[in-house]
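# Close look at the chain arrangement
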Amino acid sequence: MKELLLYMAKNLVDNPDEVTVTEIETEDGKVLELRVAEGDMGKVIGRQGRIAKEIRTIIKTVALRTGDRVSVEIMD
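How each quantity is defined
- Residues numbered from 1 in each chain as written.
- Predicted model: local features only at pLDDT ≥ 70, side-chain atom pairs only at ≥ 80, totals over all residues.
- Heavy atoms only, no water.
- Pairing = 2+ DSSP bridges.
- Helix = DSSP H or I, 4+ residues; strand = E, 2+ residues; numbered from the N terminus.
- Axes fitted to C-alpha atoms, helices over the stretch in contact; angles between N-to-C directions.
- Contact = heavy atoms within 4.5 Å.
- Polar contact = N/O pair within 3.5 Å; in protein donor to acceptor, adjacent residues only side chain to side chain.
- Buried < 20%, exposed > 50% of the residue type's maximum accessible area, 1.4 Å probe, protein only.
- Expected span 1.5 Å × (residues − 1).
- Arc of directions from axis to C-beta.

This brings us to the sheet that holds strand β2 (residues 29–35). Strands sit in the order β1-β2-β3 across an open sheet of three strands; the sheet is mixed. What marks the edges here is a single partner per strand, and that holds for β1 (20–26) and β3 (70–75). Strand-to-strand twist across the sheet, computed as the mean angle between neighbouring axes with direction ignored, equals 25°. In this sheet, β2 lies alongside β1 in antiparallel orientation, the contact comprising seven bridges. Across the sheet, the residue bridging to Glu23 is Leu32, located in β2. Those strands touched by helix α3 (residues 50–66) are β2 and β3, and its axis lies near 155° from that of β3.

In structure tokens:
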């Protein structure tokens, strides 16, 4: 999951070297924290959050196929 999120985020932003994903284990599953450069935040979120919603949908769909529970948090 982490690699997929990294791949998607790096292809959306202008500064792919500043994209990081941190994986955190919780009681409810995994949380992937996505951090990008400040100027690229809008490209990851999209208009009215559409891109962020689609990123979360893709990650959740892939996670369900593997039997995992994963959520994506976009950090400031």
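Turning to the side chain of Glu33, a few remarks are in order. Among the structural elements, Glu33 can be located in strand β2. Within the structure, the side chain of Glu33 is placed 3.3 Å from the side chain of Arg35, a separation counted as a polar contact. Excluding residues that lie within four positions of it along the chain, Glu33 makes contacts with Thr20, Val21, Thr22, Ile24, Glu73 and Met75.

Right, let's get into the pairing of β3. Residues of β3 alternate between two faces, with Val70, Val72 and Ile74 buried on one and Ser71, Glu73 and Met75 left unburied on the opposite face. Here six bridges tie β2 to β3, and the two strands are oriented parallel to one another. Bridging across to β3, Arg35 finds its partner in Met75.

In a regular helix each residue adds 1.5 Å, so 17 residues correspond to 24 Å; α3 covers 25 Å between its end C-alpha atoms and thus fits that length. Of the residues making up α3, those classed as buried are Ala52, Ile55, Ile59 and Ala63. What you see down the axis of α3 is that its buried residues fit within an arc of 65°, all on one side. Away from its buried face by more than 90 degrees, α3 exposes Arg50, Lys53, Leu64 and Arg65. Of the surrounding elements, those touching the buried residues of α3 are α1 (2–12), β2, α2 (41–45) and β3. Backbone geometry just downstream of α3 places Gly67 in the positive-phi region, at approximately 85°.

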